[in-house]
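Coordinate inspection notes
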Amino acid sequence: GESVGLHLPTLSVQEGDNSIINCAYSNSASDYFIWYKQESGKGPQFIIDIRSNMDKRQGQRVTVLLNKTVKHLSLQIAATQPGDSAVYFCAENMYGQNFVFGPGTRLSVLP
Amino acid sequence: DAGVIQSPRHEVTEMGQEVTLRCKPISGHNSLFWYRQTMMRGLELLIYFNNNVPIDDSGMPEDRFSAKMPNASFSTLKIQPSEPRDSAVYFCASSLGGASGEFFGPGTRLTVL
């Protein structure tokens, strides 16, 4: 069997607190980014996206920040709830090619 | 819309058997993607199609893997012969193409004994 697996970074936050999940992307030419949420036993689900001509975009309880200078993307979740517990992936896209996914971060919400 | 539909949801087979995974993309989407997810390697893109034409199959691990998209509403991923190391969750996703978000199906959990 598998004895070594991907070591997913884990973020543990208290229910009600804000969460910040970070992602370093690889290609400075990437011009479109998406955050996905994957709950146990399900496929990744689109949360929010941002294009490279923006540095911030807000959704419902979520905000994505893009820093192109250091190739960094973050996802902020306000008032984290138990239902936010999942693995979060960032994905980058260049010129309409296929998306490249990061390794993911596991968010654990503590009661 | 029912979203991306995959079948079967679970498949258990023996080494050496042929496995066929099926996907129905969201109607109107013209790009389709097959991914594999494992604990070892995370989420890997295997192949993607634009307008039913394979664009990039560099992620297909071996010749044992093949994918087809005979029409805009159906795609298959076939593994022949299957091996235990093929055990994974296989996701199909579709999108409107270009730089638009991908919508994932529920996945097929494949176990090869």
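Residues numbered from 1 in each chain as written. Chains lettered and ligands numbered in written order. Predicted model: local features only at pLDDT ≥ 70, side-chain atom pairs only at ≥ 80, totals over all residues. Heavy atoms only, no water.

**Observations concerning the side chain of B:Glu102**
Here B:Glu102 is to be found in the loop between β9 (88–95) and β10 (103–104). Comment: no salt bridge for buried B:Glu102; closest opposite-charge side chain is A:Arg51, at 12 Å. Sequence-distant contacts of B:Glu102, defined by excluding residues within four places in its chain, comprise A:Ile34, A:Tyr36, A:Phe99, A:Phe101, B:Phe33, B:Tyr35, B:Ala93, B:Ser94 and B:Ser95. (Helix = DSSP H or I, 4+ residues; strand = E, 2+ residues; numbered from the N terminus. Buried < 20%, exposed > 50% of the residue type's maximum accessible area, 1.4 Å probe, protein only. Lys, Arg positive; Asp, Glu negative; His and termini not counted. Salt bridge = Lys/Arg side-chain N within 4 Å of Asp/Glu carboxyl O. Contact = heavy atoms within 4.5 Å.)

**Here's the deal with the environment of B:Ala93**
Residue and element names in this part refer to chain B. You can see alanine 93 is positioned in strand β9. Looking at alanine 93, the relative accessible area reads 0%, which means it is buried. Excluding its chain neighbours within four sequence positions, the residues that come into contact with alanine 93 are Ser31, Leu32, Phe33, Tyr35, Glu102, Phe103 and Phe104.

**Things to note about the interface of chain A and chain B**
Taken residue by residue, the interface counts 21 residues in chain A and 21 residues in chain B. Buried surface at the junction of chain A and chain B, both sides included, amounts to about 1600 Å², of which 58% is carbon and sulfur. Joining chain A to chain B, the criterion identifies 2 residue pairs in polar contact (both at pLDDT 80 or more). For the side of chain A that touches chain B, the secondary structure elements donating two or more residues are β3 (32–38), β4 (45–51) and β8 (86–93) of chain A. A breakdown of the residues in the side of chain A that touches chain B according to their chemical character gives 10 nonpolar, 8 polar and 3 charged. (Buried area = accessible area lost by both parts, 1.4 Å probe. Polar contact = N/O pair within 3.5 Å; in protein donor to acceptor, adjacent residues only side chain to side chain. Nonpolar A, V, L, I, M, F, W, Y, C, P; charged D, E, K, R; others polar.)

**Here we look at the pairing of strand β11 (residues 108–112) of chain B**
Residues and elements named next belong to chain B. The two faces of β11 differ: Thr108, Leu110 and Val112 on one face are buried, but Arg109 and Thr111 on the other face are not. Here strand β2 (residues 10–13) pairs with β11 via 4 bridges, running parallel. Directly across from valine 12, in β11, lies its bridge partner threonine 111. Pairing of β9 with β11 involves 3 bridges; the strand directions are antiparallel. Across the sheet, alanine 88 pairs through a bridge with leucine 110, a residue of β11. (Pairing = 2+ DSSP bridges.)

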